[in-house]
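Each chain is listed here by its residues.
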Amino acid sequence: MRFFFLPIVCFVLPILTKAQGKPFTDTAFWQEYHIPYPFSHNIIDKEVRSIAVDNQNNVWVATKSGIHVKKSNDISWSAPIATAAGPAYVVVTNTTGDVYMGTWNGVYQLTNNTLELLTGTDGPISALCLADEGVYAAGPKGIWILNGRTFLKLNFPIAKSVRKLISDGQKGIWVATDVGLYHCTPNGSRHFVDTSFLISAYVKGLVIDNRNSLWAGGLGGVSILNKEKKERELRPKDGIPSRFVSCLTKDADGRIWVGTEMGLVRFSTNGRRSLIFSNRWLIDDHINDIAFDAAGNAWIATTKGVSAIMKNKMTLASKQDYFYDVLMKRHIRAPWIAGQCHLNIPGDVNSWQPEDDDNDGEFTGNYLAMESFRYGATKSADAREKAKKAYHFLQQLEEVTGGDGYFARTIVPVGWGDRVHDQNRTYTPEEIAEEMVKDPRYKPVEQRWRKSSDGQWLWKGDASSDEWCGHMMGYYFYYELAADETEKALVRSHVSKIVDHLIANDFNMMDIDGTHTHWSVWSPNSLNRDPEWQPDQFQNSMEILTFLKLAYYVTGKMKYQEHYLRLINKEHYLDNMAKVTQQNPAWFIYYDVTMQAYLYPILLHCEKDPKLLQFYRQHLEHWMERRKNDQNPLINFLYCYSTQKQRELNASIQFLTDTPLDLVDWNIDHTKREDISVVSKPVLDELQVDQLPPPSIRQVVRWDKNPWTAVGGSPDMEREPVFWLLPYWMGRYLNMIK
């Protein structure tokens, strides 16, 4: 494939950047978030067996130690209610505020702050039920109904292992037991145990949906009965995360919440379902009971305490405000680096401190692009000033090394000392031999950190191709959208300097030690003639063409265009790039997808040759067909910017909406779920799930992550929210979010 130089028609040709199509109108949605309410350390048994919320928003729980309450304005739990101390099994409340407690020695009633042990039952009481005709109580020794201040025993022949009671709304009750389901009515009782009615005889949870169908959950899943006949079943293959179903309840919208030993799943009336699990949402995944307060917030009883799933109305704009505030408070460090922060107490964002990361440069490049789009959309002076600060940090990465276009991965104040990652070290010959056998391209870097000439900073060497891609994307969008003429001159000079460094070193980035860095290699001698570099041949060819094209675009200097065309015509780099989507599966990593997405806007907007431009357009369309199911808003909006076409907007909005507010990188383990399968695709050497998890139950997204990853997380870290803010502001700039 040969291309010859065609002169650029107009160097500052204006670029149409508004995607065409019907935009999304930003309307309010329910944003959920988690507040944990653990028990104090002096309470040994933290398992909550039952939970209820009264009309004053006081939360009541039953535990092995007794009944506890959390008052509506408190964050801590009371000691066991004194006269009701001892094992408790169930607690319910009515609309007038009365609280009924099933305990080891009977039923207690709390009315107007007066606690009374009601007479008539023979404890223990394992289940309570409120009905129009009265309060039902049941346990191993029988079943009763409350008559005034005392219980009367009922002559229903049911099993002793009562787990749940609910009213049928017609003066009867459904009873869940270990030996099947009972329907007790004034006309008698019926026992359901056969598999023609139930998945299994072990039933723990019951609820009646808006269609008056009974959901009976237990071992194996959920059986749905209508008029005492089985209608259908819900097993793990139908979205139940565990075959051990423990409880069911219905919220005000008619959704059925199914608690299991692996989190809970909600089934909407329209057939949609959503899963909640992991410490992002729950103190523990083993769910025992669920209750709702007047505002519709869910209170979840688990084996390790109580989790509240709260909800507030938000728009994407107000969610942006929230994330931007978090970004400024905890994720911008001197001199103006956007990055993650370390949590000294895992999960506790109040214990944060800044930390370095190998890809500080790349992800500050993302931040630079974000602020540039924010300026492009709003003309905010604040956005422009912050973009300027981010750009000058990236430029400082080159200045701090004292090199001629060589730049650092990151910098930290010299006082950080031994706080940094990847500290300087030495390697023995044996260690080097071991590493070289594993990776013949391995480079032992003993001095990763060096002190700047002014003594203020430590800078980290061995920058990678990932850094280059992130930097160059940031420079392009800053140059196009936010930089004034003075800043544009700085960008031209800086891009020219770092690309000149590559040209002078046969398209490699040369480290202080006189050898190329581990990953920053684009030389034809490596990519085209060294088989060990074949895994990077297609991707890296695309990268260096982009770097040269951007240098030519911003400077107009012919030498960059000449090297660009030489790599195309003499070294067949365009032929290499053409095979990006044909990469051998042994070499595929999802991070490469992100790098490729960074490059397309530069290639499609900076190239003026019609033939080359047509190649890049076709390449992007073919690439996008393979990526459309990723539901990745960064990819989607970069595509839309590059083509001025609107695509995958619904998937992008769904991602922005579903992303949780919690940015702690909680441990996520999908392998414990029974509703998915663990596979080895799209990345052959990683554990992944066969269904793309929504953002709410993934690891916190950074665009270097494989979204199908099955296991991961590091709760001693909070991720920066640029992963969300960048696509949001791209959507705003493109008029796709109004």
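This text gives an overview of the structure that appears in the document. Model, not experiment: these values are computed from the prediction.

Cut-offs applied
Residues numbered from 1 in each chain as written. Predicted model: local features only at pLDDT ≥ 70, side-chain atom pairs only at ≥ 80, totals over all residues. Heavy atoms only, no water. Helix = DSSP H or I, 4+ residues; strand = E, 2+ residues; numbered from the N terminus. Contact = heavy atoms within 4.5 Å. Areas by Shrake-Rupley, 256 points an atom, 1.4 Å probe, with all protein chains shown as cover. Lys, Arg positive; Asp, Glu negative; His and termini not counted. Charge placed at Lys NZ, Arg CZ, Asp CG, Glu CD. Axes fitted to C-alpha atoms, helices over the stretch in contact; angles between N-to-C directions. Parallel < 35°, antiparallel > 145°, perpendicular 65-115°, else oblique. Left-handed = near helix turned anticlockwise from the far one by under 90°. Nonpolar A, V, L, I, M, F, W, Y, C, P; charged D, E, K, R; others polar. Expected span 1.5 Å × (residues − 1). Buried < 20%, exposed > 50% of the residue type's maximum accessible area, 1.4 Å probe, protein only. Polar contact = N/O pair within 3.5 Å; in protein donor to acceptor, adjacent residues only side chain to side chain. Patch = residues over 30% accessible without salt bridge, like charges linked within 9 Å, V, L, I, M, F, W, Y side chains within 5 Å. Salt bridge = Lys/Arg side-chain N within 4 Å of Asp/Glu carboxyl O. Pairing = 2+ DSSP bridges. Phe/Tyr/Trp six-rings, centres within 6.5 Å; stacked < 30°, edge-to-face > 60°.

Here we take up the overall build of the chain. A tally of regular secondary structure across the chain gives 15 helices and 41 strands. If one aligns the C-alpha atoms of the chain with their principal axes, the spans along those axes are about 95 × 55 × 50 Å. Sequence-distant contacts in the chain: of pairs separated by 6 or more residues, those separated by 24 or more amount to 60%. When the accessible surface of the chain is totalled, it reaches about 29,700 Å², and 50% of it is carbon and sulfur. Between the averaged position of the 81 positive side-chain charges in the chain and that of its 88 negative side-chain charges there is a distance of 5 Å.

Moving on to the packing of helix α11 (residues 590–606) against helix α13 (residues 633–643). Running from amino to carboxyl end, α11 crosses α13 at an angle of 15 degrees, the nearest separation of the two axes being 8 Å. One finds that α11 runs roughly parallel with respect to α13. Between α11 and α13 lies a crossing of left-handed hand. When α11 is examined against α13, the residues Tyr590, Val593, Thr594, Ala597, Tyr598, Tyr600, Pro601, Leu604 and His605 are found in contact with a partner set consisting of Leu634, Ile635, Leu638, Tyr641, Ser642 and Thr643. Here the contact of α11 with α13 is built from residues that sort into 11 nonpolar, 4 polar and no charged.

Here we come to the packing of helix α2 (residues 360–378) against helix α3 (residues 381–399). Two elements in contact, α2 and α3, have axes whose closest approach is 8 Å; the angle formed by their N-to-C orientations is 155 degrees. With respect to α3, the element α2 is oriented roughly antiparallel. Classified by chirality, the crossing of α3 by α2 is left-handed. Across the interface between the two elements, Asp360, Gly361, Thr364, Gly365, Tyr367, Leu368, Glu371, Ser372, Arg374 and Tyr375 from α2 touch Asp382, Ala383, Arg384, Lys386, Ala387, Ala390, Tyr391, Phe393, Leu394 and Leu397 from α3. The residue makeup of the contact of α2 with α3, split by class, is 10 nonpolar, 4 polar and 6 charged.

Two residues of an α-helix separated by three or four positions point the same way, owing to the 3.6 residues in each turn. Compared with the 28 Å implied by 1.5 Å per residue over 20 residues, the 28 Å span of helix α6 (residues 485–504) between its first and last C-alpha is a close match. Of the positions making up α6, those classed as buried are Glu487, Lys488, Val491, His494, Val495, Ser496, Ile498, Val499, His501, Leu502 and Ile503. Taken together, the buried residues of α6 touch α3, α5 (465–482), β35 (508–510), α8 (537–555) and α9 (558–569). The opening residue of α6, the one whose side-chain oxygen lies 3.2 Å from the backbone nitrogen of threonine 486, is aspartate 484. Backbone geometry just after α6 places aspartate 506 at a positive phi near 55 degrees.

Right, let's get into a nonpolar patch on the surface. On the surface, a nonpolar cluster with roughly 230 Å² of combined accessible area is contributed by Tyr202, Leu219 and Phe244. Here leucine 219 shows up in the loop between β18 (214–218) and β19 (221–226).

As a further point, take the sheet that holds β19. Judged by pairing direction, the sheet is antiparallel, and its 4 strands sit side by side in the order β17-β18-β19-β20 without closing on themselves. Only two strands of the sheet have a single neighbouring strand rather than two, namely β17 (203–208) and β20 (229–234). Averaged over all adjacent pairs, the angle separating strand axes in this sheet is 25 degrees, with direction ignored. With 5 bridges joining them, β17 and β18 adopt antiparallel strand pairing. Opposite valine 203, over in β18, you have glycine 218 as the bridge partner.

Looking now at the environment of aspartate 592. Assignment of secondary structure puts aspartate 592 in helix α11. Residue class for aspartate 592 comes out buried when judged on its relative accessible area of 14%. Between the C-alpha atoms of aspartate 592 and histidine 605, which are 13 residues apart in sequence, the distance is 21 Å. Discounting chain neighbours no more than four positions away, the residues touching aspartate 592 are Gln539, Gln583 and Trp587.

A word on the side chain of glutamine 31. Looking at where glutamine 31 falls in the secondary structure, it is placed in strand β1 (residues 29–37). You can call glutamine 31 buried: its relative accessible area is 3%. Engagement of the side chain of glutamine 31 in a polar contact is seen with the side chain of lysine 319, the distance being 2.8 Å. Look past the residues within four positions of glutamine 31 in its chain and what remains in contact with it is Met310, Lys311, Asn312, Met314, Lys319, Thr657, Thr659, Pro660 and Leu661.

For the structure shown, the criterion picks out 30 aromatic pairs. With centroids separated by 5.4 Å and ring planes inclined at 85 degrees, the aromatic side chains of tryptophan 522 and phenylalanine 547 adopt a geometry described as edge-to-face. Here phenylalanine 547 lies in helix α8 and tryptophan 522 lies in the loop between β36 (516–521) and α7 (524–527), a separation of 25 residues in the sequence. Comparing tryptophan 522 with phenylalanine 547, the two get one shared label, buried. Note on phenylalanine 655 and tryptophan 703: the rings are 5.5 Å apart at their centroids and 35 degrees apart in plane angle, and the pair reads as tilted.

Turning our attention to the pattern of salt bridges. The tally for this structure, following the rule as stated, stands at 41 salt bridges. With a closest N to O distance of 2.7 Å, lysine 460 and aspartate 422 form a salt bridge. Of this pair, lysine 460 sits in strand β34 (residues 457–460) while aspartate 422 sits in the loop between β32 (410–413) and α4 (429–438), placing them 38 residues apart in sequence. Where glutamate 571 meets arginine 529, a salt bridge forms, and the shortest distance between an N and an O atom there is 3.3 Å. Placement of glutamate 571 in the loop between α9 and α10 (573–578) and of arginine 529 in the loop between α7 and α8 is noted, with a sequence separation of 42 residues between them. We classify arginine 529 as partly exposed; its relative accessible area is 47%.

By themselves, these figures tell us nothing about what the structure is for.
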